[in-house]
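Take a look at the letters that make up each chain.
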Amino acid sequence: MDLKDIKTQELVKKYNFKFSKSLGQNFLVDDSVLSDIVDGADVNNEDFIIEIGPGVGTLTAQLLMKAKKVTAIELDNDLIPILEQELGENQNFSLIHKDALKVDFNELIGDEKSVKLVANLPYYVTTPIIVKLLKDGYNFKSLTIMIQKEVAERINAEPDCKEYGALSVLVQYYCNTSIVRRVAPTCFMPRPKVESIVIRLDRLEEPRVKAKDTKLMFELVRAGFNMRRKTLWNAAKTLKLEKEKLEEAFERSGIDPKRRAETLTLEEFATLSDCIYDMKTNC
Ligand code: SAM
């Protein structure tokens, strides 16, 4: 089929496709959203696009018209023959039948230079996918993703907001963010209960602040937000440092141990984590 003619409703009908709620299947039926995603991701003919969850291939077809090549990762057995049938003839298309959480993206990316991830993400795994894509240090230029409005708010939240959490710190540490557009439930079939946002995360050349030990910093962040109501002191105790050394680390950082994680800026998390690191390594 001509890529321009790939339409969700028609393919769903043609293949008598049954949506799976548990796989987060809400397919896009609005052409303006599709083109805004492709434009928002700034797709051009030098880009290698990785798409997570192509569904029946509606967004994939738009990406194929602009990109150098597109690799789509789909978990649902029933969608694989549809995608092969509808898009398989395109030389610049390849399909991976796998859970995106189990994909080694380094292997996939190889020595490609301009790699962008584009996805209307299945909402039940949005956060684990973002965490994997950022933490594992893959060479993505940007991620342009459709997510629930609430997750976008958490990503962009500032300290002292109730939405501020480990995801805010992680994304802001590695990326600049920009909202591409809002998307109403009417743009999907079936319609989700929530509003959605297309957000673009541009990976920074260097993290916004550089912690001496990133793993340790994110352990501190996780401990802090796992115990939101508790003090930083209580959270930091889980990092298994002797009491005197932990006291010294707080002292050196100038951060009050009675504060809560949700009040700390990115810079403060890095400072405290660096002081804990120094005490751990006896510097
Ligand atoms: N891209 C299509 C669109 O915009 O119309 C479909 C998006 S739909 C929200 C999410 C897609 O992700 C579905 O095709 C679903 O089967 C797929 N999916 C769900 N869990 C997945 C996983 N763990 N790995 C890869 N794909 C997954």
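Residues numbered from 1 in each chain as written. Predicted model: local features only at pLDDT ≥ 70, side-chain atom pairs only at ≥ 80, totals over all residues. Heavy atoms only, no water.

1. Some remarks on the UniProt feature "domain: Ribosomal RNA adenine methylase transferase N-terminal" (unreviewed entry) in the protein
Piece 1. Here, UniProt's "domain: Ribosomal RNA adenine methylase transferase N-terminal" (unreviewed entry) annotation points to residues 33–205.
Piece 2. Helix and strand shares over residues 33–205 are 33% and 28% respectively, and the end C-alpha atoms of the span are 29 Å apart. (UniProt positions renumbered as here; feature names shortened; annotations may be inferred. Helix = DSSP H or I, 4+ residues; strand = E, 2+ residues; numbered from the N terminus.)

2. What about the domain arrangement of the protein?
Quite often, the size of an interface is put as the accessible area lost when its parts meet.
Piece 1. Partitioning the protein into structural domains gives domain 1 (3–203) and domain 2 (214–281).
Piece 2. Each side of the interface is counted separately: domain 1 has 13 residues, and domain 2 has 14 residues.
Piece 3. For the pair domain 1 and domain 2, the summed buried area comes to about 1,000 Å², and 67% of that belongs to carbon and sulfur atoms.
Piece 4. Of all residues in domain 1, Tyr164, Val169 and Tyr173 give up the largest surface area on contact with domain 2, accounting jointly for 46% of the area buried on that side.
Piece 5. In this structure, the connection of domain 1 to domain 2 is made through 0 salt bridges.
Piece 6. Among the elements that make up the side of domain 1 that touches domain 2, the one with the highest residue count is helix H8 (residues 166–174) (6 residues).
Piece 7. Considered class by class, the residues forming the side of domain 1 that touches domain 2 number 8 nonpolar, 2 polar and 3 charged. (Domains from an automatic or database assignment. Contact = heavy atoms within 4.5 Å. Buried area = accessible area lost by both parts, 1.4 Å probe. Salt bridge = Lys/Arg side-chain N within 4 Å of Asp/Glu carboxyl O. Nonpolar A, V, L, I, M, F, W, Y, C, P; charged D, E, K, R; others polar.)

3. Let's talk about the site of the ligand
Piece 1. In the vicinity of the ligand lie 22 residues, with Leu28, Gly53, Glu74, Asn120 and Tyr124 positioned nearest.
Piece 2. Within the side chain of Asp99, a nitrogen or oxygen atom sits 2.9 Å from a nitrogen atom of the ligand.
Piece 3. Surface burial for the ligand is 99%, taken as the share of its 590 Å² of free accessible area covered by protein chains.
Piece 4. Within the residue set of the shell around the ligand, elements represented by two or more residues are strand S1 (27–28) and strand S3 (69–74).
Piece 5. Tallied by class, the residues present in the shell around the ligand amount to 11 nonpolar, 6 polar and 5 charged. (Near = heavy atom within 4 Å. Polar contact = N/O pair within 3.5 Å; in protein donor to acceptor, adjacent residues only side chain to side chain. Areas by Shrake-Rupley, 256 points an atom, 1.4 Å probe, with all protein chains shown as cover.)

4. Some remarks on the side chain of Asn26
Piece 1. Following the sequence through the fold, Asn26 ends up in the loop between helix H1 (8–14) and S1.
Piece 2. Residue Asn26 is classed as buried on the basis of its relative accessible area of 19%.
Piece 3. Only 2.9 Å separates the side chain of Asn26 from the backbone oxygen of Pro190, close enough to count as a polar contact.
Piece 4. For Asn26, the contacting residues outside a window of four places in its chain are Asn120, Phe188, Met189, Pro190, Arg191 and Pro192. (Buried < 20%, exposed > 50% of the residue type's maximum accessible area, 1.4 Å probe, protein only.)

5. As for the UniProt feature "binding site: S-adenosyl-L-methionine" (unreviewed entry) in the protein
Piece 1. The UniProt record marks Asn26, Leu28, Gly53, Glu74, Asp99 and Asn120 with the feature "binding site: S-adenosyl-L-methionine" (unreviewed entry), using the residue numbering of this structure.
Piece 2. You can see Glu74 is positioned in strand S3.
Piece 3. The exposure class of Glu74 is buried, given its relative accessible area of 7%.
Piece 4. Along the polypeptide, Asp99 turns up in the loop between strand S4 (93–97) and helix H5 (105–109).

6. Observations concerning the packing of helix H2 (residues 31–40) against helix H3 (residues 58–66)
Piece 1. With their axes 10 Å apart at the nearest point, H2 and H3 run at an angle of 45° to one another. In terms of orientation, H2 and H3 fall into the oblique class. The interaxial crossing formed by H2 with H3 has right-handed handedness. In this structure, H2 contributes Leu34, Ile37, Val38 and Asp39 to the contact, and H3 contributes Thr58, Leu59, Gln62, Leu63 and Lys66.
Piece 2. Split by residue class, the contact of H2 with H3 holds 5 nonpolar, 2 polar and 2 charged. (Axes fitted to C-alpha atoms, helices over the stretch in contact; angles between N-to-C directions. Parallel < 35°, antiparallel > 145°, perpendicular 65-115°, else oblique. Left-handed = near helix turned anticlockwise from the far one by under 90°.)

7. Comments concerning the sheet that holds strand S9 (residues 196–203)
Piece 1. If you trace the 7 strands from one edge of the open sheet to the other, you get S4-S3-S2-S5-S6-S9-S7, paired in mixed fashion. Every other strand in the sheet has two partners, leaving S4 and strand S7 (175–183) as the edge strands with one partner each. Neighbouring strand axes in the sheet, compared pairwise and without regard to direction, differ in orientation by 20° on average.
Piece 2. Two strands pair when backbone bridges link them, and strand S5 (residues 115–120) and strand S6 (residues 142–148) are joined in this way by 5 bridges, in the parallel orientation. Considered in S6, the bridge of Leu117 is made with Leu143. (Pairing = 2+ DSSP bridges.)

8. As for the nonpolar core
Piece 1. In terms of nonpolar packing, the biggest core is built from 63 residues, with Ile52, Phe105, Phe140, Ile145, Met217 and Phe269 touching the most fellow members.
Piece 2. Residue contributions to this core peak at 7 residues, all from helix H12 (residues 266–280).
Piece 3. For this core, the domains that each give at least three residues are domain 1 (3–203) and domain 2 (214–281).
Piece 4. If we skip the residues at most four places from it in the chain, Ile52 touches Ile73, Ala100, Phe105, Leu117, Val118, Ala119, Asn120, Leu121, Ile129 and Leu133.
Piece 5. Residues Val12, Leu87, Cys187 and Phe188 belong to the second largest nonpolar core, which totals 34 residues. (Core = buried A, V, L, I, M, F, W, Y, C linked by side-chain atoms within 4.5 Å.)

9. Description of the packing of helix H11 (residues 243–253) against H12
Piece 1. Where H11 meets H12, the closest approach of the two axes is 8 Å, and the angle between their N-to-C directions is 140°. Looking at the two axes, H11 sits oblique to H12. Crossing handedness for the pair H11 and H12: right-handed. On the side of H11, the interface is formed by Lys245, Leu246, Glu248, Ala249, Phe250, Arg252 and Ser253, while H12 contributes Thr271, Leu272, Cys275, Ile276, Asp278 and Met279.

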